[in-house]
Amino acid sequence: MKTALSIAGSDSCGGAGIQADIKTMTMNGVYAMTAITALTAQNTTGVFGIQESTPDFLKQQLDAVFEDIFPDAVKIGMVSDSELIRVIADRLKFYHAKNIVVDPVMVSTSEARLMKTDAVETLEKELLPLAALVTPNIPEAEVLSQTEIKSESDMEASARLISEKSGCAVLLKGGHSVSNANDLMINGSTLRWFRGKRINNPNTHGTGCTLSSAIAANLAKGNDLETSVQKAKEYIEGALGAMLDLGKGSGPMDHAFCLTNKNI
């Protein structure tokens, strides 16, 4: 069985972070493992507390995984601190990790800031050059490219800047009102739009985590980057389209929408 590692924060409400990653990777047919960068106290209405892992303990988690069950892909989500980012980059280089997908989580769906300002620069310098793909949304891409994005042409310019600076492919997600759930991928000289329909579902907690984990899972199974993105988009459309409605705020998706066992 193929394997994938999520390096991310824990979401106590289960809709985002490592909980969403485990569900997504499992439903996409790979064995999921985790290294926790932070514990969060959060639910669908907001983030109420963050307790970061220490660099030494994060290193221990990564060593424990890589030395026993080597991951076929790695997804990196919430990492709020520069020193933690350096530990991740060091271990990924040490173990020659492959199929690395970085979701640069800067702000939660409930608009809580999840990354310190200095950590953004460390992410760009230490982590993105190791990645096969980075998956910013529009606000995150504006930070990474230092440009304003108001149109699809702005998305193309921003994605090119990020790709040129980092050396990795970029999937710029258009769900933040610029386009109708259309995402743009820049991979070297290749530009491709992944067109999608906007699903009228207010419960979008964990969409970024879910998409990046689904991409990593499909890379782990040997799919190329474009195929992995397409399959991930199909999965997230199904999870959103199931119209799960939990919590008082922006709730989670139904990650297990495609389970067919009626006894569950």
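As the structure is a computational prediction, the values presented were derived from the model and not from experiment.

Here the focus is the overall build of the protein chain. On a plain count of helices and strands, the protein chain comes out with eight helices and nine strands. Its C-alpha radius of gyration of 17 Å places the protein chain within 12% of the 18 Å reference for a compact globule of 264 residues. Overall, the protein chain is about 50 × 45 × 40 Å in size when its C-alpha atoms are taken along their principal axes. Per-residue burial for the protein chain yields a buried fraction of 53% across its 264 residues. The contacts in the protein chain between residues at least 6 apart in sequence include a share of 70% that link residues at least 24 apart. By element, 50% of the accessible surface of the protein chain is carried by carbon and sulfur atoms, the whole surface being about 11600 Å². Charged side chains in the protein chain number 24 positive and 31 negative. The centres of these two groups are separated by 4 Å.

A separate point is the nonpolar core. In this structure, I76 and L92 are the most contacted members of the largest nonpolar core, which totals 43 residues. At six residues, the largest contribution of residues to this core is made by helix 3 (residues 82–94). Apart from the residues lying within four places of it in its own chain, the contact partners of I76 are I7, I88, L92, I100, V101, V102, D103 and L127. Ranked by size, the runner-up nonpolar core spans 26 residues in total, among them V101, F194, A232 and Y235.

Take unusual backbone geometry next. In this model, H96 sits at a positive phi of 50°, which is unusual for a non-glycine residue. Mapped onto the elements of the fold, H96 is located in the loop between helix 3 and strand 5 (100–102). Its relative accessible area of 67% is what places H96 among the exposed residues. We note that Q146 has phi near 55°; this positive angle belongs to a residue other than glycine. The exposure class of Q146 is exposed, given its relative accessible area of 72%.

As a further point, take the sheet that holds strand 9 (residues 190–194). The sheet built from nine strands is open, its strands ordered 3-2-1-4-5-6-7-8-9 with mixed pairing. Here the strands that pair on one side only, and so sit at the sheet edges, are strand 3 (46–52) and strand 9. In terms of strand pairing, strand 7 (residues 169–172) meets strand 8 (residues 183–187) through three bridges, oriented antiparallel. Each bridged residue has a counterpart across the sheet, and for V170 the counterpart in strand 8 is I186. Along the sheet, helix 1 (residues 17–27) contacts strand 1 (3–11), strand 2 (31–43) and strand 4 (73–76); its crossing angle with strand 1, the most-contacted strand, is approximately 150°. Across the sheet, helix 7 (residues 207–220) touches strand 1, strand 4, strand 5, strand 6 (133–134), strand 7 and strand 8, and the angle it forms with strand 4 is around 170°.

Attention now moves to the pattern of salt bridges. In the structure shown here, the tally under the stated rule is 12 salt bridges. With its nearest N and O atoms 2.9 Å apart, the salt bridge here joins D63 to K59. With D63 and K59 both in helix 2 (residues 55–66) and four residues apart, the pair spans about one turn of that helix. Accessibility expressed as a relative area gives 34% for K59, which makes it partly exposed. Among the ionic pairs, E148 bridges to K150, the shortest N-O distance being 3.9 Å. Classification of E148 by relative accessible area gives exposed; the value is 55%. Here the residues in one salt-bridge network are K59, D63, D90 and R91, joined through shared partners.

What counts, and at which threshold
Residues numbered from 1 in each chain as written. Predicted model: local features only at pLDDT ≥ 70, side-chain atom pairs only at ≥ 80, totals over all residues. Heavy atoms only, no water. Helix = DSSP H or I, 4+ residues; strand = E, 2+ residues; numbered from the N terminus. Rg over C-alpha atoms; globule rule 2.2 N^0.38 Å. Buried < 20%, exposed > 50% of the residue type's maximum accessible area, 1.4 Å probe, protein only. Contact = heavy atoms within 4.5 Å. Areas by Shrake-Rupley, 256 points an atom, 1.4 Å probe, with all protein chains shown as cover. Lys, Arg positive; Asp, Glu negative; His and termini not counted. Charge placed at Lys NZ, Arg CZ, Asp CG, Glu CD. Core = buried A, V, L, I, M, F, W, Y, C linked by side-chain atoms within 4.5 Å. Pairing = 2+ DSSP bridges. Axes fitted to C-alpha atoms, helices over the stretch in contact; angles between N-to-C directions. Salt bridge = Lys/Arg side-chain N within 4 Å of Asp/Glu carboxyl O.

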